Amino acid sequence: MNALTATLRRRLGALAAAAALAALAGCTGVTYAETPFPATPSGSSASGSTSVPPAPAETCSNATQSYTPLSSLPSRDQITDPTMREIIKRGHLVVGVSADTYLFGARDPFTGGITGFDIDMARAVAKAIFGDPNKVQLRVITAKDRLPLLESRAVDMVARNMSMTCDRWQKIAFSAEYYRSGQKVLVSKALPDAANLTLADLKGKRVCAPTATTSLTKLEQVKGPVVVTAPTHTACLVLLQQGKADAITGDDTVLAGLAAQDPNTVVTNAKAITVEPYGLGLNKADVYLARYVNRVIADLESSGGWKSIYNRWLAGQLGPAPAPPSPVYGR
């Protein structure tokens, strides 16, 4: 067999195989789409560069700046915002809260209910929407849960002593500032000169702060203390009581609640190392809800309601109510 004959036979065999495959496809009904090749974006060069400029980064110069409040609270029938319509249709507000932050959000051992400053703020929003402060579902969450649950819309709002920061504004929205705290230190009274200790004085000492908090961020920036973490401030208190921590750092309001629960501890007299403005957390897209909540907060402050909430929960530990924080609007 010469070379020409062999070549002809190979070509005839290939054609026969192709015909057989076509027949099989016709019998089974199976078809195969072409594999698409990546298209070169319009305006791109072979090197992959593009002429489309990147989106400008969102700027934040004042973390306490929130949205201008509504001029007045509308009736439920007047509200057309989709998020608020969904809340109204559901019949209650869903709010992420703490159940172990004494004075701000903690479970009452006698009633089993969750009470505190933050809880009263959440109920004030529910009352504004529904006319009933009990139209709220309190969902117990940790500090680490706050942003993810807002981003996923698992909760409508978070009222859990959350500091307003520019980093957090990148992921969520905040109401206007409703309380101002500061980071301090709680220590065992057994430590020498306990009442006057600062974080810097605690070199080599184990200092606890909850995960995913600004308190932990600041603690990690201080040279000297041994950093210990726990899910909550109450869990930090347990570690201190078990001898696994020597001190706890956090907002003075939270530490005041811990000290009230454990007479063997004291919040030191040292000056607060940070300013911690609290805001109610909201989904980043819920601008109308933020403006609504800001109207609620403004009305509370002007009517004396904010002062009543403060005196109910904090006056015993921190003294009479100061003036509420001055709101910053214009975002």
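Residues numbered from 1 in each chain as written. Predicted model: local features only at pLDDT ≥ 70, side-chain atom pairs only at ≥ 80, totals over all residues. Heavy atoms only, no water.

**Looking at the layout of surface pockets**
The rolling of a water-molecule-sized probe over the atoms marks out the regions of remaining empty space. One number sums up the size of the largest pocket: a volume of about 410 Å³. Thr 165, Arg 168, Thr 213, Thr 214 and Thr 217 are, among the 24 residues lining the largest pocket, the residues nearest its centre. Broken down by secondary-structure element, the contributors of at least two residues to the lining of the largest pocket are helix H4 (146–151), helix H5 (166–169), helix H6 (214–221) and strand E14 (276–278). With five residues, the single largest contributor to the lining of the largest pocket is H6. Here the lining of the largest pocket is built from residues that sort into eight nonpolar, eight polar and eight charged. The space that makes up the second largest pocket amounts to roughly 150 Å³. What lines the second largest pocket is Asp 120, Arg 123, Ala 124, Lys 127, Pro 133, Leu 300 and Ile 309. (1 Å grid on protein atoms, 1.4 Å probe; cavity = no way out; pocket = protein on both sides within 12 Å on 5 of 7 lines; lining within 4 Å. Points joined across faces, edges and corners; volume = space filled by probe spheres on them. Helix = DSSP H or I, 4+ residues; strand = E, 2+ residues; numbered from the N terminus. Nonpolar A, V, L, I, M, F, W, Y, C, P; charged D, E, K, R; others polar.)

**Some details on the nonpolar core**
In this structure, Leu 93, Val 95, Phe 117, Ile 129, Met 157, Tyr 178 and Tyr 179 are the most contacted members of the largest nonpolar core, which totals 57 residues. Those elements giving two or more residues to this core turn out to be helix H2 (82–90), strand E1 (93–97), helix H3 (117–130), H4, strand E6 (157–159), strand E7 (172–174), helix H9 (287–303) and helix H10 (305–313). Tallying contributions element by element places H3 first for this core, with nine residues. Every residue in contact with Tyr 178, bar those within four places of it in the chain, is listed here: Phe 117, Asp 118, Met 121, Asn 161, Tyr 278, Gly 279, Leu 280, Ile 297, Trp 306 and Pro 325. (Core = buried A, V, L, I, M, F, W, Y, C linked by side-chain atoms within 4.5 Å. Buried < 20%, exposed > 50% of the residue type's maximum accessible area, 1.4 Å probe, protein only. Contact = heavy atoms within 4.5 Å.)

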